[in-house]
Structure formats: C-alpha cells, structure tokens
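Below, each chain spelled out in residue letters.
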Amino acid sequence: MSRDTNDKEIILGRNLTLDDLVAAARYGAHVSLDTECEKRLKASQKVLRDWVSQGKEVYGVTTGLGSLADCRINEEDAVRMQQNILRSHAVSVGAPLSAEQVRGIMILVVQNLSKGHSGVRKCLLDKYIDLLNSDVIPWTPGSGSVGYLCPEAHIGLVITGEGKAYFKGELMPAVDAMRAAGIVPLKLEPREALAMISGTTSATAIGALALYDMLTAAASADVIAALNVEVTGGHTEAFDEAVMKARPHKMQAETASNLRNMLKDSRHLHAGEKGCRSQAEGEKLQDPLSVRCIPQLHGAAKTVLSNARAVLETEINSCCDNPLIFGGDGGCMDGEGGRIISACNADSSFVGIHMDSACIAATCIAKMSERRTYRLLDGSIPGLPQFLIEKPGINSGFMITQYSQAGLLNEMRILSTPASIDSIPTSAGQEDYVAMGYNASVKAAEAAGKLEYILAIELLTAYQAGMMNRERSSFGSCTVRLLKEIESFVPVVREDTYLQDYIELLKDMIHSGRLIQAAEEAAGPLL
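**Quick word on the pattern of salt bridges**
Logical step 1: Summed over the entire model, instances satisfying the criterion amount to 29 salt bridges.
Logical step 2: With a shortest N-O distance of 2.8 Å, R121 and E192 are connected by a salt bridge. You can see R121 sitting in the loop between α4 (99-113) and α5 (122-133) and its partner E192 sitting in helix α8 (residues 192-197), a full 71 residues away along the chain.
Logical step 3: The class of R121 is buried, set by a relative accessible area of 16%.
Logical step 4: Each of the salt bridges in this network shares a partner with another, and the network as a whole consists of D19, R309 and E313.

See below:
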C-alpha cells in the first residue's frame, strides 16, 4: 500500500476492499459518498415514518433499548432520546484509540448506514465524511466494549457537538474542533443515534487494520526466512516443488515458491541442476524444523489470515444494524410498505473468531522466527561467532535481542487466548450472550505490532550474519539486494552499540512494506 494517496478517492457506499479501508483510515485518502446511496436512504426513511405513523412498534424509536424495550416512547421523547443514547453509551474508558482506528470506525459507520437499512438521513453520513476529510478525529477511549456501542457513541457525540476531538492533532472540546473545521453540529432525528452506535463497526475497523499488518508481516516473514536460509547455508531441497505437490496446500506451495525464487541464483547454497545438493563431509542431512518447515508453518498461518481477510471484507460491505429496515427500493417487501425486523446482525462473532484465529497465526509465525534467531546466535553455524560479535566477552553482541523476542513472544501467547470464547450477560439479561469480537480485534492490533518487532530482530541478526559471512560474494541477487538496502541505514556492528534504534527502523521497513518491495525488485512478485 503506497503512502501517496493524494490522488486516490475512496467512495463509500460501494464495495470496499481491505486496501481501500487502509488507504482512507491510515493514509488519509479522500472519501466521498456514492450518489446511489440517497435513494436507498430515503426509501428506508419512508418505511420508518410509515410504521411509526401506523402505531407499530420500532425498537429504539418507539421503545427503549436493551431490557427497556418494553418501555413505550412518544414522538416528542423519541427526539430527546437520541442525545441521551449517545451520552449514556459513551462509557468506554482508558487510553484513546489511534487516529487510524477512529477513522476506520467512522468509515465503516458510513459504509454500514449507506446500505439503506437504517432509516437515517443522508446529512448524517455527510457529517462523518466531513470529519474524515477535515482531519477531525473524535477522542475515543479504547477499553470497555463488548463488541459495539461505546466507542461509536464517543464518536457520535462529536457529530452533535459534544465530547472531545482532535483537530490538526490538537485535543479540544468537540464544538471547538467542529468550528475550526467549519462543520456545523447535527441535531439528530429518531432512530439515528442507535444506528450510529449499533453494529460491528469498531471491531471490524480495528481488526481490519490489524489484519492488514499481519498479512504484510507474514509476507515479510518469507523474505526474512529466505535471508536466514541464505546466510546460514540452509538446505533448499526442503522447499522443492515435488514436496509441495505431495501435500498440496495452496499457501504452503506458494510460500515454498517464494523461497525458491528468492534463493534461485544463490551459488552459496550449492544447489545442483536438479535441486539435490550433495552432502559435504560432516554436514547435517537436514536443517532444524524452524528452517525445514517454513513453507508448512507460514503456509498454514497465511491460510488463516487469508480466510480472515475474506470474512472481514464481507463484514466491511455488510449492514450490521439492528433493527433492519427493508422496502421501498427492494429488499424484503411484504406488499404493504416494507418491513422492520429486529434481529442481530450487530453480533461480532465472525470478526471475533477470525481475529482470535489471526492472533494464533501471528504467534505461530513469531515462534518460528524466534527459533531461527536463536540459531543465528548460539554459535552452531560454522563461520559465525556466538552472538554475532567479533570479540565476545567484552561484548555481548546480539545476545539480548533474543531475550526481547522471548518476552514479546510470551506476550503474544497471552494475546492468543481467545476473547470470543467468553460471554458475560449484559442489559439485565436481555443480551444474555455477548460475542466479545471487539476485544479479539484489540488483541490482534497488539499482536500485529509485536510480530513486527520479533521479525525485525530476526532481520537485524540475519543481516549481521550475512555481512559477517566470508562467502558473501556467492549470495543470490535477492540476498545481495536486501543486505545493500539495510546497510544504507544499519551499520555492521563491530562492538556493542545501542541497537534499539535499528530494531525500530527495521520494524518500520516491515510495517511499511518496503522490505517486500526490495525483495520483489530482485526476485519478482511474491505469492
């Protein structure tokens, strides 16, 4: 994903991809609303008005919320209730969500409401779009959500001129931020407040951004693993196409293909014409599993992440409101002006289960990376000194970088405990089961960052090992390209020095996709 999105526009109300969401939420691409949305919005508004005028019950319009659904609300109170809903539901606490996470939630609120099943006005969607395009970021505490409602309510308050928001990076009362951006707060009409906070928008937005980073990290893990294989003189036969065909998992085969392409012209690895290198005297027949099983583990993890992407892209393009309004321009017409159905598309199980699974997949990639790093440092590789330093003893070299990996990996294992298996009843038992998808996504965001750090440490040590390898002249073109790229901002370590800055630089190289880009420039597109 390019950071240059100045000429890119994301049109909400149409089908969006994960890349589209990231372009708008992270990189600030301009957003607009599909012109076809207004017809859908007006059609659902008409159905809503007709039902209310006929005296039919509509959850959250003529009734209270949750276990208060039996309380009847008159027309006058229905207007007053809108601000009450936002104020009473804005109770998430703790550190605020990042700007990109809040932007992602706002994008998905618009996307959710644009489907025309919520009975809201177009001007409400326009306000969210105004905030997005004017760099107004609602202050949104990130803890205390079971899947929806609370973060969305903090954001919704800003639309009405209440709460707090950042404008151009400065935190201020929302009304001041709106004024500075030239945006007039909106007075809500019946149904709108509930529509603004109902749905899987926060879980999906946070999860999608995390998943994007995990997918980038997984592809980067292939690159780093190939570099590790090169600098340690690994056996490439384990990645042979015949082996992959014997167990035809698609992403296992694609991972092996990536490794073969990145190592194909390496003279250092001694591959014969048919990919079967002869065993030198004293050489081990096969590498440890952290090398030999790269296609199998990376392939399994990438399969999980790919499945999660499909699920989240469906969620991004769904209506997750409750109740749902059908009629007017299609939908579930019953011949008498449409239908309003109380159901639960706001359940976040799809997101939660798949983001929990994504955390496990990321941790599996990380555990193998840590093992490969350990092997680089333990002195078992011929020609490489222990801890990759020329004068050990007086120097500790890269010893403690693996400690950092161990600590991060322990945290990732904790984050891999599923949130979605938990359920704590809420609203006096009316919501007697809760999906907990939001916390699964929050965990995934943390896990993605820790995976990037673990991979960055493997990359740092593999780079150092490569630069210390006396057979460097026989390395393949992809390895040479990667070492040259990293050498431009990370020096070869001759004696103990401050390493943390280099870890951060390499993490950013992974996060931004620049590592993948460098590998593809040498080896062609990765699968």
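Anyway, onward from the coordinates.
**Details of the pairing of strand β7 (residues 170-173)**
Logical step 1: Of the strand pairs in this sheet, strand β6 (residues 164-167) and β7 are connected by 4 bridges, and their pairing is antiparallel. If you follow F167 over to β7, its bridge partner there is E170.

**Some points on the side chain of D287**
Logical step 1: With respect to the secondary-structure elements, D287 resides in the loop between α11 (250-263) and α12 (289-292).
Logical step 2: On the accessibility criterion, D287 (7% relative accessible area) is buried.
Logical step 3: A polar contact of 2.6 Å, which involves the side chain of D287, links it to the backbone nitrogen of H235.
Logical step 4: Each residue touching D287, except ones within four places of it in the same chain, is listed here: G234, H235, R292 and R375.

**Let's talk about the sheet that holds β7**
Logical step 1: The sheet built from 3 strands is open, its strands ordered β4-β6-β7 with antiparallel pairing. Each edge of the open sheet is held by one strand with a lone partner, namely β4 (136-138) and β7. Pairwise comparison of adjacent strand axes, ignoring direction, gives a mean angle of 35 degrees for this sheet.
Logical step 2: Bridge count between β4 and β6: 3 bridges; the pairing is antiparallel. Opposite V136, over in β6, you have F167 as the bridge partner.

**A word on helix α7 (residues 174-181)**
Logical step 1: A174, A177 and M178 are the residues of α7 that are buried. The buried residues of α7 occupy an angular sector of 100 degrees when the element is viewed end-on, so they sit on one face.
Logical step 2: Against the buried residues of α7 lie α5, β4, α6 (150-159), β6 and β7.
Logical step 3: Residue G182 follows α7 closely and has a positive phi angle near 75 degrees.

**Describing the nonpolar core**
Logical step 1: Within the largest apolar cluster, 155 residues are counted, with the highest numbers of intra-cluster contacts made by L12, I107, L124, Y128, M214 and M355.
Logical step 2: It is helix α9 (residues 201-231) that contributes the most residues to this core, 19 residues altogether.
Logical step 3: Excluding anything up to four places from it in sequence, M355 contacts G207, A210, L211, L312, A440, S441 and A444.
Logical step 4: Ranked by size, the runner-up nonpolar core spans 7 residues in total, among them W51, V61, I325 and I340.

**Description of helix α1 (residues 18-25)**
Logical step 1: The element α1 is extensively covered by neighbouring structure, given that 7 of its 8 residues are classed as buried.
Logical step 2: Those residues of α1 that sit buried are L18, D20, L21, V22, A23, A24 and A25.

**Focus on the environment of G116**
Logical step 1: Mapped onto the fold, G116 is located in the loop between α4 and α5.
Logical step 2: Accessibility expressed as a relative area gives 8% for G116, which makes it buried.
Logical step 3: Here the alpha-carbon distance between G116 and L324, two residues 208 residues apart in the chain, equals 9.0 Å.
Logical step 4: Setting aside its immediate chain neighbours within four residues, G116 contacts R40, L41, S44 and I325.

**Here we look at the packing of α9 against helix α19 (residues 514-523)**
Logical step 1: Taken N-terminus to C-terminus, the directions of α9 and α19 make an angle of 45 degrees; their axes are 9 Å apart at the nearest point. Our classification of the angle between α9 and α19 gives oblique. The element α9 and its partner α19 pack so that their crossing is left-handed. Facing T216, A219, S220, V223 and I224 of α9, the residues of α19 in contact are L515, I516 and A519.
Logical step 2: Of the residues belonging to the contact of α9 with α19, the class tally is 6 nonpolar, 2 polar and no charged.

**Re the packing of aromatic side chains**
Logical step 1: Throughout the structure, instances matching the rule amount to 0 aromatic pairs.
Logical step 2: A cation sits over an aromatic face here: K56 above W51, 4.4 Å from the ring centre.
Logical step 3: Lying over the aromatic face of Y453, K507 brings its terminal NZ or CZ to 4.9 Å of the ring centre.

**Some words on the state of the cysteines**
Logical step 1: Applying the stated rule across the entire model yields 0 disulfides.
Logical step 2: Of the cysteine sulfurs around C37, a residue in no disulfide, the closest is that of C319, at 12 Å.

**Examining the side chain of E315**
Logical step 1: Mapped onto the elements of the fold, E315 is located in helix α13 (residues 294-316).
Logical step 2: No salt bridge is formed by the buried E315. Its closest oppositely charged neighbour is K115, at 12 Å.
Logical step 3: Ignoring anything within four residues of it in the chain, the contact list for E315 reads T200, T204, C320, D347, F350 and V351.

Conventions adopted
- Sequence positions are assigned chain by chain, starting from 1 and proceeding in written order.
- Selection of residues for local features in this predicted model requires a pLDDT of at least 70, selection of side-chain atom pairs for listing and counting requires 80 or more, and totals for whole chains, interfaces and linings are taken over all residues.
- The side-chain values count all of the structure's non-hydrogen atoms but skip hydrogen atoms and water molecules.
- Only one rule defines a salt bridge in this text: a Lys or Arg side-chain nitrogen within 4 Å of an Asp or Glu carboxyl oxygen.
- Helix and strand assignments follow DSSP, with helices taken as H or I runs no shorter than four residues and strands as E runs no shorter than two, numbered in order from the N terminus.
- Relative accessible area decides the class of each residue, using a 1.4 Å probe on protein chains only: under 20% of the type maximum gives buried, over 50% gives exposed, and in between gives partly exposed.
- The criterion for strand pairing is that DSSP finds at least two bridges linking the strands in question.
- Throughout this description, a polar contact denotes any pair of N or O atoms lying within 3.5 Å of each other; where both atoms belong to protein, one of them has to be capable of donating a hydrogen while the other can accept it, and for residues adjacent in sequence the pair is counted only when both atoms sit in side chains.
- Every residue pair with non-hydrogen atoms within 4.5 Å of one another is taken to be in contact.
- For helices, the fitted axis covers only the stretch in contact; all axes are lines through C-alpha atoms, and the angles between them, taken along N-to-C directions, range from 0 to 180 degrees.
- Think of the arc as the fan of directions from the helix axis to the C-beta atoms.
- The definition of a nonpolar core used throughout is a set of buried Ala, Val, Leu, Ile, Met, Phe, Trp, Tyr and Cys residues joined through side-chain atoms within 4.5 Å.
- Relative orientations are named as follows: roughly parallel for angles under 35 degrees, roughly antiparallel for angles over 145 degrees, roughly perpendicular for angles from 65 to 115 degrees, and oblique for any other angle.
- Crossings are sorted by hand: turned counterclockwise from the far helix by less than a right angle, the near helix makes the crossing left-handed, and turned clockwise it makes it right-handed.
- Each residue gets one label: Ala, Val, Leu, Ile, Met, Phe, Trp, Tyr, Cys and Pro are nonpolar, Asp, Glu, Lys and Arg are charged, and the others, such as Gly, are polar.
- The aromatic pairing rule takes the rings of Phe, Tyr and Trp, using the six-membered ring of Trp, and pairs them if the centres are within 6.5 Å, calling planes under 30 degrees apart stacked, those over 60 edge-to-face and the rest tilted.
- A ring has a charge above it when a Lys NZ or an Arg CZ is no more than 6 Å from the ring centre and no more than 35 degrees off the ring normal.
- Disulfides are defined as pairs of cysteine sulfur atoms found within 2.5 Å of each other.
- Positive residues here are Lys and Arg, negative ones are Asp and Glu, while His and the chain termini are left out of the count.

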